[in-house]
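Residue-level structural notes
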There are 2 protein chains.
Amino acid sequence: MRDDALDAAFSALADPARRAIVARLSRSSATVNELAEPFTITKQAVSKHIQVLEQAGLITRTRDGQRRPCHLDPAALEALTGWIDTYRLEAERQYRRLDGVLATLKDQHSKDQS
Amino acid sequence: MRDDALDAAFSALADPARRAIVARLSRSSATVNELAEPFTITKQAVSKHIQVLEQAGLITRTRDGQRRPCHLDPAALEALTGWIDTYRLEAERQYRRLDGVLATLKDQHSKDQS
DNA sequence: TCGTTGATCAACTTGTCGGTTGATTACCTC
DNA sequence: GAGGTAATCAACCGACAAGTTGATCAACGA
């Protein structure tokens, strides 16, 4: 995943309204009006949020007459978790390594004492 | 994880410089100067990025004389992947369900034909 | 064809963000 | 205590993002 793609994706999820849209779309596809219904902001604002999510590649859109249903793209979400996990796992690996070193040192110390 | 915590965390990762810092810290802890070294921007700007990451709970800081080393927090990263996976898995489940329905319909159609 | 509805476009306001420069704090060393 | 170094604070600037209102486009139904 390219750098600007990660920018767009993380930035898209940094907004609670857009996360709510993602959550809603995980249950089923929905139109702009359906997605806008639970919000107090204008439909135009919701439309903008949707465009941000689409631009980030997190959702796709199809045509159904005058409707433009939105669909969540699980693969895009997986790419994000993939990025995060890369560094989370590396960090955990390093911490375990450090723990091992400390345990060895402590062991040495015990031996020296005896 | 609370809503504003997710705001802060995703927003923090939406910047390539901050992601680079996270990547660097996954290998080992580091001070502000060490983290600033690969960047062309000023040390103050890097310091701000670090504060953003700390505020978001993605990193922690300790004291070592006049140094203020930064440490990556794998648990915070895990919380993020947890949020994403919740909706990714739900979406995948829904898609599988839909595939099942379509398969059943197609099956019915074949039977009707015969 | 005309009114209605789903959705977007355009222009504008407001607030926040990333970056800079300059000054300041805190700690270490000699 | 004096000087040097790690790091932050404060004030400022330009750019961009979220939201609004008003107008517009495109497709449907009677």
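So, a few notes on the structure that sits alongside this text. Numbering of residues starts from 1 in every chain and runs along the sequence as written. Each chain takes a letter, starting from A, and each ligand takes a number, starting from 1, following the order in which they are written. Given that the model is predicted, a residue must reach a pLDDT of at least 70 before its local features are reported, and side-chain atom pairs must reach 80 or more before they are shown or counted; all residues, however, enter totals for whole chains, interfaces and linings. Excluding hydrogens and water, the side-chain values take into account all heavy atoms of the structure.

**Some words on the packing of helix H2 (residues 16-27) of chain A against helix H4 (residues 43-55) of chain A**
Residue and element names in this part refer to chain A. Between H2 and H4, the least distance of the axes is 10 Å, while the angle of their chain directions is 75 degrees. As the angle between them shows, H2 and H4 are arranged roughly perpendicular. Each of Ala17, Arg18, Ile21 and Val22 in H2 lies in contact with H4, whose residues at this interface are Val46, His49, Ile50, Val52 and Leu53. Class assignment for the residues of the contact of H2 with H4 results in seven nonpolar, one polar and one charged. Here the axes come from fitting lines to C-alpha atoms, over the contacting stretch only for helices, and the angles between their N-to-C directions go from 0 to 180 degrees. Helix and strand definitions follow DSSP, with helices as H or I runs of at least four residues and strands as E runs of at least two, each counted in order from the N terminus. Any angle that falls under 35 degrees is termed roughly parallel, while one over 145 is termed roughly antiparallel, one within 65 to 115 roughly perpendicular, and all others oblique. Throughout, a residue-residue contact means that at least one pair of heavy atoms, one from each residue, lies within 4.5 Å. In this count, Pro and Cys sit with the nonpolar residues alongside Ala, Val, Leu, Ile, Met, Phe, Trp and Tyr, while Asp, Glu, Lys and Arg are called charged and the others, Gly among them, polar.

**A short note on the protein's contact with DNA strand D**
Distances are taken per atom, and a residue is near a molecule or strand as soon as one of its heavy atoms is within 4 Å of it. DNA strand D sits among 21 residues. The nearest are Arg18(A), Lys48(A), His49(A), Ser47(B) and Arg61(B). Put simply, 65% of the atoms of DNA strand D that lie within 4 Å of the protein are in sugar or phosphate. Side-chain atoms alone can form a polar contact between residues adjacent in sequence; in general such a contact is a pair of N or O atoms within 3.5 Å, and within protein one must be able to donate a hydrogen while the other accepts it. Taking Lys48(A), its side chain carries an N or O atom lying 2.6 Å from a base oxygen of DNA strand D. For the surface near DNA strand D, the secondary structure elements donating two or more residues are H4 of chain A together with helix H3 (32-36) and helix H4 (43-55) of chain B. The dominant element in the surface near DNA strand D, judged by the number of residues it contributes, is H4(B), at five residues.

**With respect to the interface of chain A and chain B**
At the interface, 31 residues of chain A touch 31 residues of chain B. Here the quantity called buried area is the accessible surface, traced with a 1.4 Å probe, that two parts lose on coming together, added over both. Summed over both partners, the interface of chain A with chain B buries about 2,800 Å², with 68% contributed by carbon and sulfur atoms. For this analysis, a salt bridge means a side-chain nitrogen from Lys or Arg found within 4 Å of a carboxyl oxygen belonging to Asp or Glu. There are six salt bridges connecting chain A and chain B. The salt bridge partner of Asp7(A) is Arg19(B), with a shortest N-O separation of 2.5 Å. Scanning the region where chain A abuts chain B turns up six residue pairs in polar contact (both at pLDDT 80 or more). If you tally residues by element for the side of chain A that touches chain B, the top one is helix H5 (residues 74-113) of chain A, at 15 residues. Across the side of chain A that touches chain B, the residue classes tally to 16 nonpolar, five polar and ten charged.

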